[in-house]
Amino acid sequence: MSAEISKGIKEIKFALLSPDEIRKMSAVKVITPDTYDDDGYPIEKGLMDLAMGTIEPGLKCKTCGGKVDTCPGHFGHIELALPVIHIGFTKEIYSILNATCANCGRIRLNEEAIKEYKERINAIKSKLVDVEYDDIVSEAESEASDISICPYCHFENRKITLEKPTTFREEGRKLTPKEIRERFEKILDDDLVLLGLEPGVARPEWMILTVFPVPPVNVRPTITLETGERSEDDLTHKLVDIIRINQRLRENRDQGSPQLIIEDLWELLQYHATTYFDNQTPGVPPAKHRSGRSLKTLVQRLKGKEGRFRSNLSGKRVNFSARTVISPEPFLSVNQVGVPIKAARELTVTETVTEHNIEKIKEMIRNSVNADESSEYRPAVNYVIKEDNKRMKVTDKNANELADKLQLGWKVERQLQDGDIVLFNRQPSLHRMSMMAHEVKVLPYRTFRFNVAVCTPYNADFDGDEMNLHVLQSQEARAEAEILMKVQENFLSPRFGGPIMGAIHDHITAMFLLTFRNRKIPKELGIHILSYVNVDKLPPVHKDDKGREYFLGREIFSAILPEGVNITFKGKINDKTIDPDGTEGLVIIKDSKLISGAIDENAVGTMKGILLDYIIRKYGNARAAKFLDDVTRLAAGVISYIGFSTGIDDEDVPLQAKAQLREVGLEAVRRVEKLIENYKEGLIGPEPGKTLEDTLESLIMKELSKAREKSSEIASNYLGIENSTVKMAKSGARANMTNLAQMAGIIGQQSIRGKRQHRGYTGRTLSHFKKGDLGAYARGFVTSSYKEGLKPTEYFFHAVGGREGLVDTAVRTSRSGYMQRRLINALEDLKVSEERSVVDTEESIIQLVYGEDGVDPSRSFGGKSVDVEFVLKEKFGDKYGGEKQ
Amino acid sequence: MGKYNILKHELVPAHELLSKEEEEELLQNLGIKREQLPKIRKSDPVIKILEEKYGPIEPGRIIKIIRNNSRTSGIYIVYRMVVGE
């Protein structure tokens, strides 16, 4: 990779093309609007003239003699019968017309003013700040346009207006491009700086086209369809139009046709010239293809997401990558990724043949014969590359021959096999865990699959998400990825120094089902469940008084713990009604035996898993990965054999509770009415810092939120732990008690920006209420539950509140995305030096000690450098009682 | 309003001027060149106050700033080189 740089770009200058220059660079004067003759040979002096290059193999360019691959293409030109305005310069033409004298062509400023402006321009010249120069130019132009009487020839200039897109009028009279051009020709070179033009490379009259450049044919190639039909490029179509009208215009002019006809044709030529440059000019109907599709002309080629810049120049595509839909697979390790056979056969790794692998590679080449027909996946070879870098595709026919011929030092492009290291990525890549290294596991079907514990860092779900996969090509890249990017190396988040991966949803539910109240599991069932994980020793078998054998849930869970786990922590369960003596909420693990407590979100969940965190720190990433894999498998077993389901009847509450809930709603409404009454009678005084109205509002809000809390309380009283939804909420698997209360009890106040709903019609939110009604119902309080359904007014309020949430997320993502982009651009090349200081590319110090404390958060304990408790407990065991006990 | 010593304000961390010997020692310890340090302008209000105490401070001198509000390490010390303007 050490190609010599032959030429460097020092500066780029923008200038106008003069008619002479256009003629000079032209290889041919195009006069016929036709392209090819009946034999398909380019017509001379036509739009496909061979002098402008060739796109057909076999034909040679008339200008340079090159063939398709060597000829760079050459411009041609069209001589316009009458000048037309270049649509890209209308603004400039307009301001120059108004700043200069129509009679003598001087800028309408006196000598002094000119001198002053020139001095200012000279002063900033060295600084190269274009913005300032533009400011001075527009200032000069606006000053000049305010002066109507020319200071030099005392001609009285009239105001010129621009009628979009291309018509200029001088007090109503239309100015033809020809007249404008004649005026511009009179402008002195000396005055040009003040008009924003550089003398020598730009003249104002060049903004009016008299000669039209015709781009080389390879810019607008003819496409030949399978049917043999030829189809011209949009630009060629447009040029045909221009030439046709130009010809008619010339004929009519030369014959001395009526002015009206000439003007019409001239206008038409202007239209074609305009749409040739920009087919989306405001005020100009876009030129259409026969089919009705609007033409893609010059500006359309460059502009926007699909334009040359964003799509072709900034957008890069990579090889050795694949993209498909993702789906979950609990039997894969967190470190693995399931790759469909179809993709694995397409993706390759380049390997050099050595004496150590030659036999294996020979076998792989032979695998290529009828590879798709073998029942199991065997990696084959797609290409063999000889020493002279000659690539040979391996086919069914030549595979055996190539395998025999294989020599040391050759290279082969081998298909993906189990254990290959690949990068796996989901967009948007918001943090470094969005791209991690996985080991390949080739699987049937068509989706990428992975362990659901890695959903969190990728922020992925399986409602149709797609992900990208990149195959690493060099040994160094593979080593680096394995050390730095592997999933298990990213368990601890650099954001908060805790585990970012862990059990989610059903896995938490399953662990909870298994360990809550130490569930007894019949022996047979337990064996099935345990068959999901690899354990060396079965948990002890117990017998009940009827002689039935069973396992204990906590003992099954203990089977997947590493040796020597000693930890005590609080679980998520913290509820006296379901856990009166507090043993479920207090997790105690001694010598890797779960003695008390239910395993829930606080033990193994993402971001919170205390037990998970402990295992990562004490046993390292590899053991933690094994533990997570086991949790996943065990969870799959538990939930399949014990069974778990939820439905709408989970939110059923007894009639008695329903009555209570209704009463809570009504009571709240009554209390609000009472408050309003008091307010009207003047019994409420303002709270400090609030108006009387605000005080009333806050009192009402307090009352209404109290009502929701009360309903939540009633609902939870009737929904016990035997209820599936409650199990999920309490264990932290999904949802929370508020969601349940809203389904069973009262939905509560719908708010806009933290306030009760108040906008809509004058004085009221909806036409269902009286003006000035401040009551609970009139301001968005919903007493229905999701289960029984909402009343019409409630439904509208709910929709309003929901919409606010949607808008907020939309606004938030775009805003925070931009903020992050700016931060990344500002910080991208800072690094931590060997002295642990933060330095920039010039080695200037930004921070003497990284983070002021020198701690890498992803190797810290929740941001702290050392977990003293952990160290003491590990060292002294039971002798150290801990701070809390 | 009378002149107020902003260094006495609770939100302004303590600033000190290093002696020439201390400067040498510091640069030696950090193993860096003077120019690599973060900068502080001579026109900074704090420099004005320090000049009253130490006399004129020419560009190139080093100021020690002792912050005691670091959220990670509590006390955190930075050094800044005085630059012109």
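Here the structure is a predicted model, which means the values were calculated and not measured.

Q: So what's going on with the pattern of salt bridges? Which residues, and what values?
A: A pair can form between side chains of opposite charge whenever their charged atoms are brought close. Residue and element names in this part refer to chain A. Tallied over the full model, the rule gives 51 salt bridges over all chains. We note a salt bridge from Glu185 to Arg181, for which the minimum N-O separation is 2.9 Å. Residue Glu185 and its partner Arg181 are both found in helix α5 (residues 177–185); the two are separated by four residues, about one turn of the helix. Accessibility expressed as a relative area gives 43% for Glu185, which makes it partly exposed. Accessibility expressed as a relative area gives 13% for Arg181, which makes it buried. The shortest N-O distance in the salt bridge between Asp189 and Arg203 comes to 2.6 Å. With Asp189 in the loop between α5 and β5 (208–214) and Arg203 in the loop between α5 and β5, this residue pair connects regions lying 14 residues apart in the sequence. Look at Asp189 and you get partly exposed, because its relative accessible area is 40%.

Q: Which residues make up the interface of chain A and chain B, and what values do they have?
A: Listed by partner, the interface residues are nine residues for chain A and 12 residues for chain B. Across the chain A to chain B interface the summed buried area is about 880 Å²; carbon plus sulfur atoms make up 54%. For the chain A face of the interface with chain B, the top three residues by lost area are Ile845, Leu848 and Glu852 of chain A, together amounting to 65%. One can count zero salt bridges joining chain A with chain B. Inspection of the region where chain A meets chain B yields six residue pairs in polar contact (both at pLDDT 80 or more). The residue inventory of the side of chain A that touches chain B, partitioned by class, reads three nonpolar, three polar and three charged.

Q: Any details on the nonpolar core? Residues and values, ideally.
A: Residue and element names in this part refer to chain A. One finds Phe557, Leu611, Phe627 and Leu634 to be the most contacted residues of the largest nonpolar core, which totals 73 residues. In terms of residues, this core owes the most to one element, helix α19 (residues 610–642), which gives 14 residues. Ignoring any residue separated from it by four or fewer positions in sequence, one finds Phe627 in contact with Phe557, Ile560, Leu561, Val604, Leu611, Leu612 and Ile615. With 34 residues, the next largest nonpolar core counts Val669, Ile721, Ala729 and Leu740 among its residues.

Q: Summarise the sheet that holds strand β18 (residues 520–522) of chain A; cite the residues concerned and give the values.
A: Residues and elements named next belong to chain A. Taking strand neighbours across the sheet as the criterion, the three strands line up as β18-β20-β19 in an open arrangement whose pairing is antiparallel. Of all the strands in the sheet, just β18 and β19 (542–543) have a single pairing partner and so form its edges. In this sheet, strand β20 (residues 549–552) lies alongside β18 in antiparallel orientation, the contact comprising three bridges. Bridging from a neighbouring strand, Lys520 pairs with Leu552 of β20. Of the strands in this sheet, β18 and β20 touch helix α16 (residues 523–530), which is tilted by about 90° from β18.

Q: I'd like a rundown of the packing of helix α2 (residues 90–99) of chain A against α5 of chain A, residues and numbers included.
A: Each pair of packed helices gets described by two things: the angle between the helix axes and the distance between those axes. All names here are of chain A. As a packed pair, α2 and α5 sit with axes 11 Å apart at the nearest point and diverge in direction by 60°. With respect to α5, the axis of α2 lies oblique. Crossing of α2 over α5 shows left-handed handedness. The residues of α5 that touch α2, namely those facing Ile93, Ile96 and Leu97, are Ile180, Arg183 and Phe184. Here the contact of α2 with α5 is composed, by residue class, of five nonpolar, no polar and one charged.

Q: Any details on the packing of aromatic side chains? Residues and values, ideally.
A: All names here are of chain A. For the structure on display, the rule yields 15 aromatic pairs over all chains. When the centroid spacing of 6.4 Å and the interplanar angle of 85° are considered together, the rings of Phe557 and Phe627 count as edge-to-face. Taken together, the residues span a long stretch of sequence, with Phe557 in helix α17 (residues 553–558) and Phe627 in helix α19 at a distance of 70 residues. By relative accessible area, Phe557 is classed as buried at 0%. Feature note: the residues Phe424, Phe448, Phe450, Tyr458 and Phe462 constitute an aromatic cluster, connected by ring pairs. Above the ring of Tyr383, the side-chain terminus of Lys393 is found at 5.0 Å from the ring centroid.

Q: For a negative patch on the surface, give the residues involved together with the corresponding values.
A: Residues and elements named next belong to chain A. A cluster of acidic side chains, namely Glu111, Glu112, Glu116, Glu119, Glu143 and Asp146, defines a negative patch on the protein surface. Secondary-structure elements contributing two or more residues to the negative patch are α3 (111–125) and α4 (130–146). Per-element tally for the negative patch: the top contributor is α3, with four residues. With respect to the helices and strands, the residue Glu111 is situated in helix α3.

Q: Go over the confidence of the model for chain B with me, naming the residues and quoting the values.
A: Per-residue confidence for chain B gives a mean pLDDT of 89; residues scoring 70 or more make up 98%. For this predicted complex, the interface confidence comes out at an ipTM of 0.90, alongside a pTM of 0.76.

Q: For the side chain of Asn425 of chain A, give the residues involved together with the corresponding values.
A: All names here are of chain A. Secondary-structure assignment places Asn425 in strand β14 (residues 421–425). In this structure the side chain of Asn425 is engaged in a polar contact, spanning 3.0 Å, whose partner is the side chain of Ser429. Contacts of Asn425, omitting those with residues within four sequence positions, involve Ser434, Met435, Tyr458, Met467 and Asn468.

Q: I'd like to hear about helix α15 (residues 506–515) of chain A, residue by residue, with values.
A: Residues and elements named next belong to chain A. Burial analysis of α15 places nine of its 10 residues in the buried class, the great majority of the element. Three or more residues of α15 are buried, namely His507, Ile508, Thr509, Ala510, Met511, Phe512, Leu513, Leu514 and Thr515. Elements that come into contact with the buried residues of α15 comprise β18, α17, β23 (593–596), α18 (601–604), α19 and α22 (724–731).

Q: Can you explain unusual backbone geometry? Please cite residues and give values.
A: Residues and elements named next belong to chain A. For the bond running from Gln427 to Pro428, omega is 0°, close enough to zero to count as cis. Secondary-structure assignment places Pro428 in the loop between β14 and β15 (435–443). For Ala735, which is not glycine, the phi torsion reads 65° and is therefore positive. Relative to the assigned elements, Ala735 resides in the loop between α22 and α23 (737–744). Within the chain, Arg753 stands out as a residue other than glycine whose phi angle is a positive 50°. The class of Arg753 is exposed, set by a relative accessible area of 68%.

Q: Tell me what's going on with the side chain of Thr765 of chain A, and back it up with residues and numbers.
A: Residues and elements named next belong to chain A. Along the chain, Thr765 turns up in the loop between β26 (755–756) and β27 (781–782). Reaching out from Thr765, the side chain makes a polar contact with the backbone oxygen of Ala778 at a distance of 2.7 Å. Residues in contact with Thr765, not counting those within four places in the same chain, are Gln757, His758, Arg759, Gly760, Ala778, Arg779 and Phe797.

Rules used in this analysis
Residues numbered from 1 in each chain as written. Chains lettered and ligands numbered in written order. Predicted model: local features only at pLDDT ≥ 70, side-chain atom pairs only at ≥ 80, totals over all residues. Heavy atoms only, no water. Salt bridge = Lys/Arg side-chain N within 4 Å of Asp/Glu carboxyl O. Helix = DSSP H or I, 4+ residues; strand = E, 2+ residues; numbered from the N terminus. Buried < 20%, exposed > 50% of the residue type's maximum accessible area, 1.4 Å probe, protein only. Contact = heavy atoms within 4.5 Å. Buried area = accessible area lost by both parts, 1.4 Å probe. Polar contact = N/O pair within 3.5 Å; in protein donor to acceptor, adjacent residues only side chain to side chain. Nonpolar A, V, L, I, M, F, W, Y, C, P; charged D, E, K, R; others polar. Core = buried A, V, L, I, M, F, W, Y, C linked by side-chain atoms within 4.5 Å. Pairing = 2+ DSSP bridges. Axes fitted to C-alpha atoms, helices over the stretch in contact; angles between N-to-C directions. Parallel < 35°, antiparallel > 145°, perpendicular 65-115°, else oblique. Left-handed = near helix turned anticlockwise from the far one by under 90°. Phe/Tyr/Trp six-rings, centres within 6.5 Å; stacked < 30°, edge-to-face > 60°. Lys NZ or Arg CZ within 6 Å of the ring centre and 35° of its normal. Patch = residues over 30% accessible without salt bridge, like charges linked within 9 Å, V, L, I, M, F, W, Y side chains within 5 Å. Areas by Shrake-Rupley, 256 points an atom, 1.4 Å probe, with all protein chains shown as cover. Lys, Arg positive; Asp, Glu negative; His and termini not counted. Charge placed at Lys NZ, Arg CZ, Asp CG, Glu CD. pLDDT = per-residue confidence, 0-100.

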